[in-house]
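These are the residues of each chain, in order.
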Amino acid sequence: MSMHETLSFNIDGMSCAACSGRVERTLKSTQGVESASVNLAGESALVEFQGAADAGLIVQVLDKAGYPARVQEAVLSVESMSCAACVGRVERILKKQPAVLEASVNLADESARVRFLEGQITAQELAQVVTAAGYQATTSAREASDKGARKQAEAEELRRQMLIAAALTLPVFVLEMGGHLVPAFHHWVMATIGQQASWLFQMLLTTLVLVGPGRRFYTKGLPALLRGAPDMNSLVAVGTLAAYGFSVVATLLPALLPAETRAVYFEAAAVIVVLILLGRSLEARAKGRTGAAISNLVGLRPKTAMVLRDGTEAERPVEEVRVGDHLRLRPGERVAVDGVVVSGASHIDESMLTGEPLPVSKGEGDEVVAGTVNGQGSLEFRATRVGSDTVLAQIVRMVEEAQSAKLPIQGLVDRITLWFVPVVMTVAAVTFGIWLVFGPDPVLSYALTAAVSVLIIACPCAMGLATPTSIMVGTGRAAELGVLFRKGDALQALQGVGVVAFDKTGTLTEGRPRLTDIAVAPGWTKERILELAASVERLSEHPLARAIVEAAPETLPTAEGFTNLAGRGVRATVDGQVVTIGAPRFMDEERHRAGPLNADTALFAAKGCTVVHVAVGQRVCGVLAISDEVKPTAKAAISALHAQGISVAMITGDSKAAAEAIAGPLGIDQITAEVLPEGKVAAMEALRAGGQRLAFVGDGINDAPALARADIGIALGTGTDVAIESADVVLMTGDPRSVVNAIDLSRRTMRNIRQNLFWAFGYNVALIPVAAGLLYPAFGILLSPMLGAGAMAASSVLVVSNALRLRRMQPVLEPGVA
């Protein structure tokens with residue numbers, strides 16, 4: 001089987017959809033790359049290689065393309081190295097990591113300096129890799145600031161450049177536009193400094209604007225244009241240089257131009273730079289907030305922990321905590337790593353994971369999760385998962401992967417933006433030609449104004465940001481509400497769900513079954529039947545088995561030859577007798593006779609109990625009734641799904657009578673009962689026979705096939721790891737109402753994406769023809785390049801701001817409201 005490796009990393013220099021499209025094409029054309037997905041809003045890329053990942057090659061091709069991958073450098077302190085062989089081993093371990101570009105280890109000062117792609121791995125994770133190899137490593141240098149802080153710094157720099165440009169542009173604008181607006185001012189300028197001096201002064205200030213704050217557009221845009229891959233910077237560069245160049249000729253070499261066309265557009269070039277810098281600073285500030293959810297999640301982990309090691313108690317950096325360490329958790333502190341309580345009692349606020357407001361009681365044997373908040377008690381717990389293995393780290397990773405995903409709806413956008421900038425430049429050239437041929441005098445001035453307006457008003461930025469910004473904010477807010485989209489396309493698919501099928505046990509019910517009744521055949525006692533059943537079931541891990549064992553005495557006979565008959569039952573020998581335990585249908589298959597106990601079976605099932613038969617030899621000697629309480633919020637969840645126009649089904653291995661006893665009061669539309677695990681897949685096929693998209697909700701190992709085969713698999717976070725790994729969406733709480741919230745979050749996020757796309761495409765479709773002069777023949781309206789620059793900047797800001805509204809999304813059904 002061929003090996004595939006993936007790289008996830010961050011990229012600099014992308015400012016519009018054309019940039020992200022160029023980067024994606026560059027990555028896809030790189031040798032060894034199987035697929036690539038670029039996220040403009042997240043400034044990141046996910047690349048899958050056909051074989052081993054080659055980070056160095058990625059850095060080279062992106063540098064050549066003009067969009068460098070962001071590279072970090074970290075210094076690790078490495079203990080236990082004693083010779084050059086140790087140095088070589090540590091270097092090889094580090095260099096084997098897919099994202100590592102260079103690694104240099106120094107034995108003298110026991111350090112390792114590592115350069116790696118930002119986004120794939122962190123310095124702490126590199127330290128963990130070295131530690132796992134037997135060399136205790138810790139980070140001794142601070143990592144780069146988080147993305148939000150970096151975008152904030154970028155916004156501040158853009159704002160500073162914008163203010164400089166504005167200060168230089170103001171006199172230019174006043175001198176030129178003031179004369180048009182106030183004729184007396186124009187006459188005063190002509191009478192004092194004169195037109196030529198005014199134009200020279202405007203040229204000087206505009207030159208300073210273009211070579212100073214505006215330089216970024218030319219250093220990026222012109223090389224991209226020369227490579228045949230123009231981007232947003234290219235449009236700005238060509239447009240402003242055209243206006244500036246024409247004005248310079250009119251100022252310094254007026255004889256080259258017809259007298260009627262001698263005019264300057266210095267103010268247009270300068271104002272365009274100011275407005276676009278303003279738009280980009282606002283956009284950077286807003287984009288910094290799109291990743292707020294991840295920043296908040298990362299911020300939940302404390303920096304230090306009180307570690308009990310070698311008989312001493314000391315506060316240590318959380319990166320130094322190892323699996324097996326004992327930690328002290330004091331009142332009010334956050335849990336540093338995942339673990340199991342070994343002593344003490346307290347209540348812990350787990351709302352950051354589950355959304356449930358009530359603290360959860362914790363005592364010996366209970367699990368605690370990193371990032372949750374301790375109450376008033378004191379606990380000692382043993383670390384079971386640290387670093388990137390903690391639940392919190394996995395949540396962050398899931399959210400990051402979902403945020404970097406490319407939804408199917410993005411495919412259309414990509415195909416359009418691939419040609420957008422070249423088409424705009426062609427339209428600008430055609431516009432220039434048409435005005436030269438058919439325009440009024442001075443034709444050259446009109447042609448230049450229209451062409452520059454077309455170049456400046458076009459906004460591929462808004463088109464490229466429309467989808468990823470909404471995805472980033474929407475999935476981030478969903479994570480805060482306990483809904484994790486493990487697979488990005490589930491965000492789009494979930495909005496169209498027509499049927500939601502629930503598993504019963506542990507999903508609609510509490511998943512904590514208890515034995516409520518026993519019926520026995522003549523000649524048997526309830527105590528003996530329970531003793532035999534518990535002797536066999538204590539070797540099973542099924543929830544029903546635990547209910548039987550918990551009801552039995554502690555001292556039980558030994559069961560031998562235990563066999564687990566998957567999905568059917570169990571069998572073992574107890575005191576020389578073959579004892580078989582399973583559902584009634586299984587007993588029928590095995591031809592075990594129930595006789596007079598059939599009436600008890602029907603009675604228990606009618607009450608909604610799960611019925612288990614206990615056979616000794618070939619005869620059913622006892623019937624166990626096991627009850628699992630319906631979750632108090634299940635009815636509200638199903639009613640809310642109905643209100644959203646969604647049909648609800650239940651698929652269970654339980655008897656039809658027991659299923660109907662639960663489904664009736666809940667208002668479930670369809671029931672499929674008495675199915676084996678593989679039968680759940682067939683049941684789903686029947687449910688979506690009408691062409692409806694189906695979501696399956698489950699939590700157990702036996703739900704994994706159904707979760708994987710459903711259009712959208714939704715796993716309750718309280719379920720097993722296997723179920724969660726098979727799902728597209730993970731709900732951090734076991735509350736069925738989270739299913740309603742997940743669907744609503746998907747619908748609102750997709751609605752936000754459609755709003756953004758409508759605006760981005762509608763803006764360009766409507767205003768590019770206006771900029772070209774479509775309204776001039778009928779209404780005499782010709783758009784100023786300065787107005788075009790303002791509209792273009794506003795377009796991107798509007799798209800990002802609209803996406804940020806998703807940060808205020810509230811769940812349809814609030815936790816704690818039944």
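Since the model is a prediction, treat every value here as computed from it, not as a measurement.

Some words on the domain arrangement of the protein chain
Quoted interface sizes are often the accessible area lost when the parts come together.
Reasoning step 1: Looking at the assigned domains, one finds that the protein chain contains domain 1 (4-65), domain 2 (71-143), domain 3 (148-295 + 406-462), domain 4 (322-385), domain 5 (467-508 + 631-817) and domain 6 (512-629).
Reasoning step 2: Taken together, the contacts link 10 residues of domain 1 with 9 residues of domain 2.
Reasoning step 3: Summing both sides of the interface, domain 1 and domain 2 together bury roughly 730 Å²; the carbon and sulfur share of this comes to 61%.
Reasoning step 4: Three residues stand out in domain 1 for area buried against domain 2, namely S8, N10 and A55, and they jointly supply 45% of the buried area on that side.
Reasoning step 5: Counting the contacts that link domain 1 with domain 2 gives 0 salt bridges.
Reasoning step 6: Taken together, domain 1 and domain 2 are joined by 3 residue pairs in polar contact (both at pLDDT 80 or more).

Section: the packing of aromatic side chains
Reasoning step 1: Tallied over the full model, the rule gives 6 aromatic pairs.
Reasoning step 2: Ring geometry for Y244 against F266: centres 5.9 Å apart, planes inclined by 65°, an arrangement best described as edge-to-face. Taken as a pair, Y244 in helix α9 (residues 232-252) and F266 in helix α10 (residues 266-290) lie far apart in primary sequence, 22 residues in all.
Reasoning step 3: Classification of F266 as buried rests on a relative accessible area of 0%.

What to know about the UniProt feature "domain: HMA" (unreviewed entry) in the protein chain
Reasoning step 1: In this structure's numbering, the residues bearing the UniProt feature "domain: HMA" (unreviewed entry) are residues 5-70 and 72-138.
Reasoning step 2: Taken end to end, residues 5-70 is 35% helix and 29% strand, and its first and last C-alpha atoms sit 19 Å apart.

Description of a nonpolar patch on the surface
Reasoning step 1: Judged by side-chain polarity, V430, I434, L436, V437 and F438 come together as a nonpolar surface patch covering roughly 510 Å² of accessible area.
Reasoning step 2: Looking at the element boundaries, F438 is found in helix α14 (residues 409-438).
Reasoning step 3: Judged by its relative accessible area of 69%, F438 falls in the exposed class.

Describing the nonpolar core
Reasoning step 1: Counting residues in hydrophobic clusters, the biggest one holds 164 residues, and the most contacted among them are F9, L27 and V500.
Reasoning step 2: With 13 residues, the top contributor of residues to this core is helix α27 (residues 737-772).
Reasoning step 3: The contact partners of L27, leaving out residues within four places of it in the chain, are F9, V33, A36, V38, A45, V47, I58 and L62.

Some points on the UniProt feature "transmembrane region" (unreviewed entry) in the protein chain
Reasoning step 1: When the UniProt feature table is mapped onto this chain, "transmembrane region" (unreviewed entry) is found at residues 162-185, 197-214, 235-257, 263-279, 416-438, 444-467, 757-776 and 782-804.
Reasoning step 2: Structurally, residues 444-467 is divided into 92% helix and 0% strand, and its ends, taken at the C-alpha atoms, are 40 Å apart.
Reasoning step 3: Taken end to end, residues 782-804 comprises 87% helix and 0% strand; its first and last C-alpha atoms sit 34 Å apart.

Structural notes on the sheet that holds strand β15 (residues 373-374)
Reasoning step 1: Ordered in space as β13-β12-β15, the 3 strands form an open sheet in which the pairing is antiparallel. Across the chains shown, the open sheet's two edge strands, defined by having one partner strand only, are β13 (360-362) and β15.

Brief notes about the packing of helix α22 (residues 634-643) against α27
Reasoning step 1: Packing of α22 against α27 brings their axes to within 7 Å, and their N-to-C directions diverge by 30°. Regarding the angle of α22 to α27, the classification is roughly parallel. Packed against α22, whose contacting residues are A637, A640 and L641, the element α27 presents R737, V740 and I743 at the interface.
Reasoning step 2: Among the residues making up the contact of α22 with α27, the classes are represented as 5 nonpolar, no polar and 1 charged.

Things to note about the environment of S627
Reasoning step 1: Mapped onto the elements of the fold, S627 is located in strand β24 (residues 619-627).
Reasoning step 2: The buried category is assigned to S627, whose relative accessible area is 15%.
Reasoning step 3: Put simply, S627 and T509 are 118 residues apart on the chain and 9.6 Å apart in space, counted from C-alpha to C-alpha.
Reasoning step 4: In this view, S627 contacts R512, P513, R514, T516 and C609; residues no more than four positions away in its chain are not counted.

Quick word on the pattern of salt bridges
For side chains of opposite charge, pairing can occur when their charged atoms come near one another.
Reasoning step 1: For the structure on display, the rule yields 22 salt bridges.
Reasoning step 2: Across the pair R528 and E531 runs a salt bridge whose closest N-O atoms are separated by 2.5 Å. Placement of the pair is R528 and E531 together in helix α18 (residues 526-537), with a separation of 3 residues, close to one helical turn.
Reasoning step 3: Because the salt bridges share partners, they merge into one network encompassing D12, E43, R70 and E118.

Cut-offs used in this document
- Residues numbered from 1 in each chain as written.
- Predicted model: local features only at pLDDT ≥ 70, side-chain atom pairs only at ≥ 80, totals over all residues.
- Heavy atoms only, no water.
- Domains from an automatic or database assignment.
- Contact = heavy atoms within 4.5 Å.
- Buried area = accessible area lost by both parts, 1.4 Å probe.
- Salt bridge = Lys/Arg side-chain N within 4 Å of Asp/Glu carboxyl O.
- Polar contact = N/O pair within 3.5 Å; in protein donor to acceptor, adjacent residues only side chain to side chain.
- Phe/Tyr/Trp six-rings, centres within 6.5 Å; stacked < 30°, edge-to-face > 60°.
- Helix = DSSP H or I, 4+ residues; strand = E, 2+ residues; numbered from the N terminus.
- Buried < 20%, exposed > 50% of the residue type's maximum accessible area, 1.4 Å probe, protein only.
- UniProt positions renumbered as here; feature names shortened; annotations may be inferred.
- Patch = residues over 30% accessible without salt bridge, like charges linked within 9 Å, V, L, I, M, F, W, Y side chains within 5 Å.
- Areas by Shrake-Rupley, 256 points an atom, 1.4 Å probe, with all protein chains shown as cover.
- Core = buried A, V, L, I, M, F, W, Y, C linked by side-chain atoms within 4.5 Å.
- Pairing = 2+ DSSP bridges.
- Axes fitted to C-alpha atoms, helices over the stretch in contact; angles between N-to-C directions.
- Parallel < 35°, antiparallel > 145°, perpendicular 65-115°, else oblique.
- Nonpolar A, V, L, I, M, F, W, Y, C, P; charged D, E, K, R; others polar.

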